[in-house]
Amino acid sequence: MPLNEPISRRQMLFRLGGLAAASPLSALLQTAWAGSPNMLVDASGPETNCDIGRLTEKLIAAAGGMGRYVAKGDVVVIKPNVSWARAPQYGATTHPEVVRAVVRMCFDAGAKTVRIADHTIHDARQCFIVTGIGQIARETGAELVFPASSLMREMNLHGHRLDMWPVFTPIVEADKRINIPVAKVHSISRLTLGMKNWIGGVGGRRNALHQDIHQSITDLAHFFKPDLTIIDATRIMIENGPSGGNLSDVLIKNRLILSDDPVAADAYAASQLFQIVPQEIGYIRLAEKWGMGTTDLTRLTLQKVTL
Amino acid sequence: MNLRTLIVLRRLSQTAFVLLFLVLFVQARLSSDTMVDYSLTLENAQPFTIRSPVDFFFRIDPLLRLTTLLAGKLWLAGIGWAIGLMAMTAILGRVFCGFICPFGTIHHAASLGIRSNCDAAIPPRSRLIKYAFLAAILVSGILGLELAGILDPLCLLFRSLALSIFPGIGLMLKSAFDAMAASDIKWINLASYAAEMIISPIFGYGYPAYQTGGLIGLLFLALVWLNRFSPRFWCRVLCPLGALLGLIGRYTRLVLLTDEARCNACGLCQSRCPSAARSGKTPASWNPSECLYCLTCMNVCPQEAISLRVAQAGAPPKFAPTRRAMLSGMVAGLFLPAVGRVDGRLFAASDPALIRPPGSLDEIDFLAVCARCGLCMKVCPTNAINPAWGEAGLAGFWTPVIIPKQGYCELSCTLCSQLCPTGAIRPITPEEKKTKPIRIGSASIDRGRCLPWSGNGPCIVCEEVCPTSPKAIVFDTVDTTGADGEPLKLKLPKIRLQHCVGCGICENKCPISGSAAVHVIAAGETRNPRHGLLL
Ligand code: SF4
Ligand code: SF4
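Draft legend 1. Just the overall build of chain A, in detail. Looking only at helices and strands, one finds 10 helices and 12 strands in chain A. Each of the 307 residues in chain A was classed as buried or not, and the buried ones make up 67%. In chain A, of all internal contacts separated by at least 6 residues, the share reaching a separation of at least 24 is 73%. Here chain A displays about 10,600 Å² of accessible surface, and carbon together with sulfur accounts for 51% of that area.

Draft legend 2. Focus on the overall build of chain B. Along the backbone of chain B there are 24 helices and 8 strands. C-alpha extents for chain B along the principal axes are approximately 100 × 60 × 45 Å. Residues counted as buried form 57% of the 535 residues belonging to chain B. Across chain B, contacts joining residues at least 24 apart in sequence account for 75% of those joining residues at least 6 apart. Of the accessible surface of chain B, which amounts to about 21,900 Å², a share of 66% is contributed by carbon and sulfur atoms. Positive and negative side-chain charges of chain B, numbering 50 and 33 respectively, have mean locations separated by a distance of 12 Å.

Draft legend 3. Representation of the interface of chain B and chain A. The interface is formed by 55 residues belonging to chain B together with 53 residues belonging to chain A. Of the roughly 4,300 Å² buried where chain B meets chain A, counting both sides, 52% is carbon and sulfur surface. Ranking the residues of chain B by area buried against chain A places Y38, K186 and E464 of chain B at the top, with a combined share of 18%. Applying the counting criterion to the chain B and chain A interface returns 0 salt bridges. Counting the contacts that link chain B with chain A gives 20 residue pairs in polar contact (both at pLDDT 80 or more).

Draft legend 4. The arrangement of helix α11 (residues 153-181) of chain B in detail. Under the 1.5 Å per step criterion, the end-to-end length of α11 of chain B is 39 Å for 29 residues, consistent within 8% with the ideal 42 Å. The sharpest bend along α11 of chain B reaches about 45 degrees and sits at L161 of chain B.

Draft legend 5. Spatial organisation of the confidence of the model for chain B. Residue and element names in this part refer to chain B. Summary statistics for chain B give a mean pLDDT of 90 and a share of 96% for residues scoring 70 or more. Here helix α2 (residues 38-41) is the element of chain B with the lowest mean pLDDT, 68, and strand β3 (residues 385-387) is the one with the highest, 98. Quick note on the complex model: pTM equals 0.90, ipTM equals 0.85.

Draft legend 6. Fine view of the site of ligand 1. With respect to spatial proximity, the complete set of residues near ligand 1 consists of P358, C380, P381, I385, I402, C409, E410, C413, T414, C416 and K433 of chain B. For the shell around ligand 1, the per-class residue count stands at 8 nonpolar, 1 polar and 2 charged.

Draft legend 7. Main features of the pattern of salt bridges. Here the structure, examined in full by the defined rule, presents 22 salt bridges over all chains. Close ionic contact of D74 of chain A with K176 of chain A constitutes a salt bridge, the shortest N to O distance being 2.6 Å. Of this pair, D74 of chain A sits in the loop between α3 (52-62) and β2 (75-80) while K176 of chain A sits in strand β7 (residues 176-180), placing them 102 residues apart in sequence. Using a relative accessible area of 16% as the deciding quantity, one classes K176 of chain A as buried. Its salt-bridge partner being R527 of chain B, residue E525 of chain B comes within 2.8 Å of it at the nearest N-O pair. Comparing E525 of chain B with R527 of chain B, the two get one shared label, buried. Taken together, the shared-partner salt bridges connect R356, E363, E525 and R527 of chain B into one network.

Draft legend 8. How the structure looks around unusual backbone geometry. Between G241 of chain A and the following residue, P242 of chain A, the backbone shows a cis peptide bond with an omega angle of -5 degrees. Among the secondary structure elements, P242 of chain A is positioned in the loop between β10 (228-237) and β11 (250-259). A cis amide bond, omega -5 degrees, links S469 of chain B with the succeeding residue P470 of chain B. Mapped onto the elements, P470 of chain B comes out in the loop between α23 (461-465) and β6 (473-481). Phi is positive for N254 of chain A, close to 50 degrees, though the residue is something other than glycine. Here N254 of chain A shows up in strand β11.

Draft legend 9. Expanded view of the environment of G293 of chain A. Residue and element names in this part refer to chain A. With respect to the secondary-structure elements, G293 resides in the loop between α10 (282-289) and β12 (301-306). Considering only alpha carbons, one finds G293 and D260, 33 residues apart in sequence, at a separation of 9.3 Å. Not counting chain neighbours up to four residues away, the residues in contact with G293 comprise D261, V263, A287 and E288.

Draft legend 10. Representation of the pairing of strand β6 (residues 164-168) of chain A. All names here are of chain A. β6 sits mainly inside the fold: 4 of its 5 residues count as buried. As judged from the 5 bridges shared by strand β5 (residues 152-156) and β6, these two strands associate in the antiparallel manner. Of the residues in β6, the one forming a bridge with R153 is V167.

Draft legend 11. Geometry of the packing of aromatic side chains. Residues and elements named next belong to chain B. Counting across every chain of the model gives 17 aromatic pairs over all chains. Ring centres of F25 and F166 lie 4.7 Å apart, and the angle between their planes is 65 degrees; on these two criteria the pair is classed as edge-to-face. Of this pair, F25 sits in helix α1 (residues 3-27) while F166 is found in helix α11, placing the two residues 141 residues apart along the sequence. Since its relative accessible area comes to 1%, F25 is described here as buried. Using a relative accessible area of 14% as the deciding quantity, one classes F166 as buried. On the basis of an interplanar angle of 65 degrees and a centroid distance of 5.2 Å, the ring pair of F103 and W234 is categorised as edge-to-face. Of this pair, F103 sits in helix α7 (residues 102-111) while W234 sits in helix α14 (residues 233-238), placing them 131 residues apart in sequence. The exposure classification of F103 matches that of W234, with both residues buried. Counting every residue linked through ring pairs, the aromatic cluster contains F21, F25, F56, F57, F58, W81, F158, F166 and F203.

Draft legend 12. Layout of the side chain of D260 of chain A. All names here are of chain A. When you line up the elements, D260 lands in the loop between β11 and α9 (262-274). The side chain of D260 sits in the buried core without any salt bridge; R68 is the nearest counter-charge, 5.1 Å away. A polar side-chain atom of D260 sits 3.1 Å from a polar atom in the side chain of N38. At 2.9 Å, the side chain of D260 and the backbone nitrogen of M39 are in polar contact. Beyond its immediate sequence surroundings of up to four residues, D260 is in contact with N38, M39, Y69, D227 and L228.

Draft legend 13. View of helix α4 (residues 96-108) of chain A. Residues and elements named next belong to chain A. In a regular helix each residue adds 1.5 Å, so 13 residues correspond to 18 Å; α4 covers 18 Å between its end C-alpha atoms and thus fits that length. Within α4, 10 of the 13 residues are buried, leaving the element largely enclosed by the surrounding structure. Those residues of α4 not exposed but buried are P96, E97, V98, V99, R100, A101, V102, V103, M105 and C106. One or two positions beyond α4, positive phi appears at G110, with a value near 100 degrees.

Draft legend 14. Inspection of the packing of helix α9 (residues 129-142) of chain B against helix α18 (residues 323-341) of chain B at higher detail. Residue and element names in this part refer to chain B. In the contact formed by α9 and α18, the axes pass within 7 Å of each other and the chain directions differ by 40 degrees. Our pair here, α9 against α18, has a crossing hand that is right-handed. Of the residues in α18, those in contact with Y131, A132, A135, A136, V139 and S140 of α9 are A325, M326, G329, M330, A332, G333, L334 and P337. Taken together, the residues of the contact of α9 with α18 break down into 11 nonpolar, 3 polar and no charged.

Draft legend 15. Main features of the confidence of the model for chain A. Across chain A, the average pLDDT comes to 88, with 88% of residues at 70 or higher. With pLDDT under 50 throughout, residues 1-34 of chain A is counted as low confidence; its partners more than four residues away or in other chains account for 43 contacts.

Draft legend 16. Spatial organisation of the packing of α3 of chain A against α4 of chain A. All names here are of chain A. Between α3 and α4, the least distance of the axes is 8 Å, while the angle of their chain directions is 50 degrees. With respect to each other, α3 and α4 are oriented oblique. For the element pair α3 and α4, the recorded crossing hand is right-handed. Here I52, G53, T56, E57 and I60 of α3 lie close against α4, whose contacting residues are E97, V98, A101, V102, R104 and M105. Tallied by class, the residues present in the contact of α3 with α4 amount to 6 nonpolar, 2 polar and 3 charged.

Criteria and cut-off values
- Residues numbered from 1 in each chain as written.
- Chains lettered and ligands numbered in written order.
- Predicted model: local features only at pLDDT ≥ 70, side-chain atom pairs only at ≥ 80, totals over all residues.
- Heavy atoms only, no water.
- Helix = DSSP H or I, 4+ residues; strand = E, 2+ residues; numbered from the N terminus.
- Buried < 20%, exposed > 50% of the residue type's maximum accessible area, 1.4 Å probe, protein only.
- Contact = heavy atoms within 4.5 Å.
- Areas by Shrake-Rupley, 256 points an atom, 1.4 Å probe, with all protein chains shown as cover.
- Lys, Arg positive; Asp, Glu negative; His and termini not counted.
- Charge placed at Lys NZ, Arg CZ, Asp CG, Glu CD.
- Buried area = accessible area lost by both parts, 1.4 Å probe.
- Salt bridge = Lys/Arg side-chain N within 4 Å of Asp/Glu carboxyl O.
- Polar contact = N/O pair within 3.5 Å; in protein donor to acceptor, adjacent residues only side chain to side chain.
- Expected span 1.5 Å × (residues − 1).
- Bend = angle between axes of the 7 residues up to and from the residue.
- pLDDT = per-residue confidence, 0-100.
- Near = heavy atom within 4 Å.
- Nonpolar A, V, L, I, M, F, W, Y, C, P; charged D, E, K, R; others polar.
- Pairing = 2+ DSSP bridges.
- Phe/Tyr/Trp six-rings, centres within 6.5 Å; stacked < 30°, edge-to-face > 60°.
- Axes fitted to C-alpha atoms, helices over the stretch in contact; angles between N-to-C directions.
- Left-handed = near helix turned anticlockwise from the far one by under 90°.
- Parallel < 35°, antiparallel > 145°, perpendicular 65-115°, else oblique.

Here it is as structure tokens:
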């Protein structure tokens, strides 16, 4: 793994704002040093009338509370999946109540700023309006960051396939990254879970990434390296992914999966929600191969909680 | 009222209306802080809307009303304003031109400091041109071609600002931001984002650009520049709305009276009147149809002989436009619709690129009412709608067309149909768009260029982004050999026409830049059953 990458930028940032740059590299080192096994939490709620906010709280509590991941004064960026201008019930985007609960808990843990950022596929304004994420940002006091061209910046991703690429800067420049994808089927990568969500972290010619989708996803996930992945499976899309648009494409699951190992989160979600052997999915296989996490779930402490 | 008060009043009113115009203009956008309670969108009951009356100036415009009426379309919303404006003009003359019209105010401002002898700069007879334009517009309106919007001052102003001047300024600002964003200094980066967030609501999110924008801007700048040559040239010579108001205001009660005892026939009022409302040096020569109520004559009169009075005008003034002007206009009005249609597009197959926004009327009805005002184009959040160049034939120049390469039509959006002031795009609901469905065209795949079909590798972006459910793009997975001869497993896209709505997002997002490998054409649109593709 290249060691040359983020050092200069990191130093510069320290100098210029006292901002602690959680570069992908340092995040990786932190987990390695931490020593304790990674966390995997599976929370499920009742089939009907599930209070998604409380389910989210329960999930985080089981993972040791938000205070374990977010320190006082941190700038936290939340990366939901709001690619499509679709109402939440279509399962194409992250459920707003999950985001609301996470934002609230970040603030409770002492976060200075919480940002919600996504580089959407549909027009960002329409996405933020229709998915309810804009409303959540306004109601919780989180900052909604639009994918403005002034926030895209060429960076070296040091991937196996991707190198210089415009990156959505607020995501890399936060102290903590919380990835909240929604679980869906996807025509070319089979499933869109946590690691694939990082396609929304870059700009540029994203429509060319499909030509080597698995390696691209792996490169991006390696670059962005979240502190926490929370897979929203309150409802999952099983047909017509990733855009959906019909309620018959959606199954209500009322489940959330959390891990600080992005590979394990995706692997667990693939096998538990979609009954797909994780190694059959290219990006999960590659990510494990490049040492970004494990699909061997016995190496994690699994907790199951119910509401 | 004395002269000073009147002038202050005029300036206040002009400023207020220009500001109102600009505020409404800027609000004709999907704002990034638009909110819809998501629990309501759960039932899909609430499309996003723009609450301010951004079409106000089109609603009060009697010329647009009249021409849509002549085209046989009763357009009732807000008709009170238009009637009110006409009634006001009948009593008070063209005060609209002097006190309200924002385009007039721009000309007024651009004329400041010009002290030419107007009648020497352009022959007074040239003022008849606007009546010829009016006659042409009215006659062609009866024959089913709405031309008013091309020269109507409110449409012209809105279109020029929306499609050219503001986006142009936005682009200039963008280059500054790009430089700031590339900087290595943190706070300059942040400042560039903040500046962009402040500026994009005004100059357009994502830097919109419009086909023929340069032409629209040049025409606007040329019209403004003409003021340096003769003040308020546009109002005097070209404005068809002014002509209409002049006719309505012939018997105005608000007259500029000259005190004959004080007048020494110096002729200053005549030579400085920007609108040729004074044809001679004598006090009786004031022509209410031409007067803009700019009050220049009052202001320049060294004798202070002129005053504004509510009074009975003397003998009814001579009918302003000559018969010759009216007739030549009418003849032009007879021919223009034919000239516009002689290419046969209207009645034969339409141009493949003539993709109209969803809810557009059938082409014949569409051209009868569309004012080419540019409101739909400005408001479209994806910059999909553009002014037509050749797509709609000569008759449809500057009418709205969707250019998928530039922007796609979002399935949940109905903004253009909500705002279209003339009803050329009828009001539709997102539900109707999705389930009926309203098709605006259909997609086809160019297998020669498509990456998987041509054996150049995997892609299937089009399938991913297709918003219909079930998807209108599906794929077959095949084992094949690629263009290099190596074995490949590829997903080959196909279009299912019965599901395709022609939204164009596949063409928009296809990675084959330049000319996409999936292409949307107008065929298959539902607004004309003859354009259907499937049985
Ligand atoms: S063309 Fe489509 S996206 Fe654009 S304003 Fe009209 S409905 Fe909305
Ligand atoms: S135009 Fe393309 S994306 Fe839109 S419905 Fe048709 S196939 Fe789907």
